[in-house]
Amino acid sequence: MSRSRRRFKASNLSFIEMVEMVDILKRADYDGKHGPYPNPNVRKAKIMTKVMKSLHRNFGVRRSKDQLRKCWSDLKLREQVQYRKIKRVLQKREKRCGTSADTRDPPPPKEKQIPTPQPEDVEEGEVYEVGKIVTTTGDVDVVEEESYFTSASAHILIREIMVCNRDLQKIKEDINDVEQRLKNIIDVLGRI
């Protein structure tokens, strides 16, 4: 008698998930077009791990490395029209942001990068205001009151808002589920 494992069918990636995946893979040179790399398989595994974490963090979905590799291969070989659409979206994003650098996860600012007022710059009675932006990850971005946001920093804040809204929606759904179970239990107890 043979034992078989129960396999779960993986759901398809949404378009925006594929855009995220392709963006990371292209920037990290997943296919190794820009030179020979030492330990290419280890390098590719690390890049796929980064893609998995990004999809989980930004969209709340868990994908296996095998599923992501298959999707990447399918995009390049079989679904070339879809791949071209994704590349166009990424090109528009680059034009809008002005760079192809990763603007979603910028390195934390170094203390030297945050200008602080010197005693001779601040007149007596003058207040130097600093605005705080607290993100869901617990990071605190400190921004001067008079400084201007770039499109990249606005993009980061918009993404944070989207993540918060998604988390809030999940919490609301969980509350509705619990309320429904509670009503069902009360109905059963009322019939007894």
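Residues numbered from 1 in each chain as written. Predicted model: local features only at pLDDT ≥ 70, side-chain atom pairs only at ≥ 80, totals over all residues. Heavy atoms only, no water.

Here we look at a positive patch on the surface
No. 1: On the surface, a cluster of positive charge is made up of Lys26, Lys33, Arg84, Lys85, Lys87, Arg88, Lys92, Lys95 and Arg96.
No. 2: The greatest single-element share of the positive patch, amounting to 7 residues, is contributed by helix H4 (residues 80–97).
No. 3: Mapped onto the elements, Lys33 comes out in the loop between helix H1 (15–27) and helix H2 (40–59).
No. 4: Residue classification places Lys33 among the exposed residues on the basis of a relative accessible area of 64%. (Patch = residues over 30% accessible without salt bridge, like charges linked within 9 Å, V, L, I, M, F, W, Y side chains within 5 Å. Areas by Shrake-Rupley, 256 points an atom, 1.4 Å probe, with all protein chains shown as cover. Salt bridge = Lys/Arg side-chain N within 4 Å of Asp/Glu carboxyl O. Lys, Arg positive; Asp, Glu negative; His and termini not counted. Charge placed at Lys NZ, Arg CZ, Asp CG, Glu CD. Helix = DSSP H or I, 4+ residues; strand = E, 2+ residues; numbered from the N terminus. Buried < 20%, exposed > 50% of the residue type's maximum accessible area, 1.4 Å probe, protein only.)

With respect to the side chain of Glu17
No. 1: Structurally, Glu17 can be placed in helix H1.
No. 2: From its side chain, Glu17 meets the backbone nitrogen of Ser14 in a polar contact 2.8 Å long.
No. 3: The residues touching Glu17, leaving out its near neighbours within four places in the chain, are Asn12, Leu55, Phe59, Val61 and Arg63. (Polar contact = N/O pair within 3.5 Å; in protein donor to acceptor, adjacent residues only side chain to side chain. Contact = heavy atoms within 4.5 Å.)

Here we look at the UniProt feature "coiled-coil region" (unreviewed entry) in the protein
No. 1: Under the present numbering, the feature "coiled-coil region" (unreviewed entry) in UniProt falls on residues 161–188.
No. 2: Secondary structure across residues 161–188 divides into 100% helix and 0% strand, with the first and last C-alpha atoms of the span separated by 41 Å. (UniProt positions renumbered as here; feature names shortened; annotations may be inferred.)

Some words on the layout of surface pockets
No. 1: Of the voids in this model, the second largest pocket is the one considered here, and its volume is about 240 Å³.
No. 2: Lining the second largest pocket are 13 residues, and of these Ile16, Phe59, His155, Arg159 and Met162 sit closest to its centre.
No. 3: Contributions of two or more residues to the lining of the second largest pocket are made by H1, H2, H4 and helix H5 (151–191).
No. 4: With 6 residues, the single largest contributor to the lining of the second largest pocket is H5.
No. 5: Within the lining of the second largest pocket, the residues separate by chemical class into 6 nonpolar, 2 polar and 5 charged. (1 Å grid on protein atoms, 1.4 Å probe; cavity = no way out; pocket = protein on both sides within 12 Å on 5 of 7 lines; lining within 4 Å. Points joined across faces, edges and corners; volume = space filled by probe spheres on them. Nonpolar A, V, L, I, M, F, W, Y, C, P; charged D, E, K, R; others polar.)

Regarding the nonpolar core
No. 1: Counting 19 residues, the largest nonpolar core has Met21, Val22, Leu25 and Leu75 as the members making the most contacts within it.
No. 2: At the level of secondary structure, the elements contributing two or more residues to this core comprise H1, H2, helix H3 (65–77) and H4.
No. 3: Residue contacts for Leu75: discarding those within four places in its chain leaves Met18, Met21, Val22, Gln80, Gln82, Tyr83 and Ile86. (Core = buried A, V, L, I, M, F, W, Y, C linked by side-chain atoms within 4.5 Å.)

Considerations on the confidence of the model for the protein
No. 1: Averaged over the protein, the pLDDT score is 75; the fraction of residues at 70 or greater is 68%.
No. 2: Scored below 50 in pLDDT, residues 108–117 shows 5 contacts in the model against residues more than four places distant or in partner chains.
No. 3: Confidence over residues 119–123 falls short of pLDDT 50; this stretch has 2 contacts with residues more than four positions distant or in other chains. (pLDDT = per-residue confidence, 0-100.)

Observations regarding the packing of aromatic side chains
No. 1: What the rule picks out here adds up to 2 aromatic pairs.
No. 2: Geometrically, the ring pair formed by Tyr30 and Trp72 is edge-to-face, given 6.5 Å between the ring centres and 90° between the ring planes. Taken together, the residues Tyr30 in the loop between H1 and H2 and Trp72 in helix H3 connect sequence positions 42 residues apart. In terms of burial, Tyr30 and Trp72 fall into one category: buried.
No. 3: Measuring from centroid to centroid gives 6.0 Å for Trp72 and Tyr83, while their planes differ by 80°, and the two rings are edge-to-face. Here Trp72 is found in helix H3, whereas its partner Tyr83 is found in helix H4, with 11 residues between them in sequence.
No. 4: Looking at Trp72, the relative accessible area reads 4%, which means it is buried.
No. 5: For Tyr83, a relative accessible area of 11% translates into the label buried. (Phe/Tyr/Trp six-rings, centres within 6.5 Å; stacked < 30°, edge-to-face > 60°.)

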